[in-house]
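Observations on chain architecture
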Amino acid sequence: MIHIYVSTAGSDRDDGSLQHPVKTLTRAKELVKTSKKDEDITVWIRGGRYFFKESFVLNEQDSGNETCRITYRACENETVYFDGGAVLDAKQAIPVQDDAIRNRIIDKNALGHILELDLSGVISDFADYGTRGFRRPCVPAQNELFIDGESYEAARYPNSGQPEIPLKTVVDSGSRPYDKEFDMRPATFVYEDARCDLWKQANSFYVSGLFNWCFADDTLKISKIDTEKKTMTTVLPHLPGMQAQPWTCWHAVNLLEEIDVPGEYYVDRETKKVYFFPKKDITESLIQISMLAEPLVVMENAEYVTFDGIIFENARGTGVYIEQGQHCTIQNCVLRNL
């Protein structure tokens, strides 16, 4: 068997031996190509966190065969993370400083618990929350916050577990793409909850719920709030057109203003900060923010490749994507927060 070693403390100028490991999986993959013989190859990955700025892609050139099986394996008793985001320094978390931000937080009792972390040197391309729902394309998640492996929730109103807001009056149903109306005219509806008046400064929030058919959930970005007419206008239309029914209802999500319970957060692309209400003392916590929209590992036309003992986590996209693969194995792995 051929052995190749990878370590976060290694160097891609080294030979990949136990004493001189390489630093990246990309370099290990190159060594695998040049080492192929009629014997198995194991890429031993030393413990640590490997950050992915792009997918690790394997194709037919990186494949094994019946006599040369290729395995990417965590070293025994060592924990290996494939991380699609970044780790933030918990000690840098501080109370909200900017008065303009503080004034936007509606619940002043919650304000004293909300912390901020600077993302300006971490994320260069902030993700939008994203339109999603029935018959819409699957899209990567927004930049999500995880603390000690637990997923935090984008701030919303009403909070999770509380009744949704009834949709009672539609001013303009918008286009009906389902009926081949493709002028993409947005919808406008009336809100009756006075709390919505306090969202005038919000510029990246969505309404999510049922807007016509009882089975067709949707999440629509809001382009405008008219506090005099008490209306909201969407950016895109709802597939069958928006129409009030006995069951139609919604909640608003991705609102800085609505951080009011432990476990909620908001990523602000203008201030380049994440604001969050921690569930506990996070001084010694692992705080992560997801960034990679693509899969961590992609195998296309690959054969006889195994990943063993890896923790795939903290990405906006998926953990592993396999197409036209044969004898590809993911074993003893954990896939979470993806």
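Further up the page is the structure itself.
Below is a summary of the structure that appears in this document.

Reading guide: rules and limits
Residues numbered from 1 in each chain as written. Predicted model: local features only at pLDDT ≥ 70, side-chain atom pairs only at ≥ 80, totals over all residues. Heavy atoms only, no water. Helix = DSSP H or I, 4+ residues; strand = E, 2+ residues; numbered from the N terminus. Buried < 20%, exposed > 50% of the residue type's maximum accessible area, 1.4 Å probe, protein only. Contact = heavy atoms within 4.5 Å. Lys, Arg positive; Asp, Glu negative; His and termini not counted. Charge placed at Lys NZ, Arg CZ, Asp CG, Glu CD. Pairing = 2+ DSSP bridges. Axes fitted to C-alpha atoms, helices over the stretch in contact; angles between N-to-C directions. Core = buried A, V, L, I, M, F, W, Y, C linked by side-chain atoms within 4.5 Å. Arc of directions from axis to C-beta.

With that settled, the discussion passes to the overall build of the chain. The number of helices and strands found in the chain is three helices and 30 strands. Reported as C-alpha extents along the three principal axes, the dimensions of the chain are approximately 75 × 50 × 30 Å. Taking all 338 residues of the chain together, 51% fall into the buried category. Taking the contacts inside the chain whose residues are at least 6 apart along the sequence as the reference set, 69% of them involve residues at least 24 apart. Here the chain contributes 37 positive and 52 negative side-chain charges, whose respective centroids are spaced 2 Å apart.

With that out of the way, let us pick up the sheet that holds strand S25 (residues 297–300). Strand order in this open sheet of three strands is S4-S25-S28, and the pairing throughout is parallel. Each edge of the sheet is formed by a strand with only one pairing partner; in this case those strands are strand S4 (56–58) and strand S28 (320–323). If you compare each strand with its neighbour and ignore which way they point, the axes differ by 10° on average. By the bridge criterion, four bridges tie S25 to S28 in an arrangement that is parallel. The residue of S28 that forms the bridge with methionine 299 is isoleucine 322.

Bringing the sheet that holds strand S9 (residues 115–118) into the picture now. With respect to topology, five strands assemble into an open sheet ordered S8-S9-S23-S22-S13, the strand pairing being mixed. Sheet topology places strand S8 (94–95) and strand S13 (153–154) at the edges, where each strand pairs with a single neighbour. Pairing of S8 with S9, which is carried by two bridges, proceeds in the antiparallel orientation. What sits directly across from isoleucine 94, in S9, is glutamate 116.

Bringing the nonpolar core into the picture now. By size, the foremost hydrophobic cluster in this structure holds 33 residues, and its most contacted members are Ile45, Tyr72, Phe82 and Phe307. With four residues, the single largest contributor to this core is helix H1 (residues 25–35). Contact partners of tyrosine 72, with chain neighbours within four places excluded, come to Leu25, Lys29, Val32, Val43, Ile45, Phe56, Leu58, Val305, Thr306, Phe307, Asp308 and Ile310. Counting 24 residues, the second-largest nonpolar core is a separate cluster that includes Leu117, Leu119, Val267 and Val274.

This brings us to unusual backbone geometry. Cis geometry marks the peptide bond from tyrosine 157 to proline 158; its omega dihedral reads -10°. Positioned with a positive phi, methionine 184 is a non-glycine residue whose angle comes to about 60°. Among the secondary structure elements, methionine 184 is positioned in the loop between strand S16 (170–172) and strand S17 (188–190). Even without a glycine there, the phi angle at tyrosine 304 is positive, about 55°. Relative to the helices and strands, tyrosine 304 is located in strand S26 (residues 303–308). Among the residues examined, tyrosine 304 registers a relative accessible area of 8% and is labelled buried.

What H1 keeps buried is the set Leu25, Ala28, Lys29, Leu31, Val32 and Ser35. Down the axis of H1, the buried set is contained in an arc of 160°. They therefore lie on one face. On its buried face, H1 sits against strand S1 (2–6), strand S2 (41–45), S4, strand S5 (70–74) and strand S6 (80–83).

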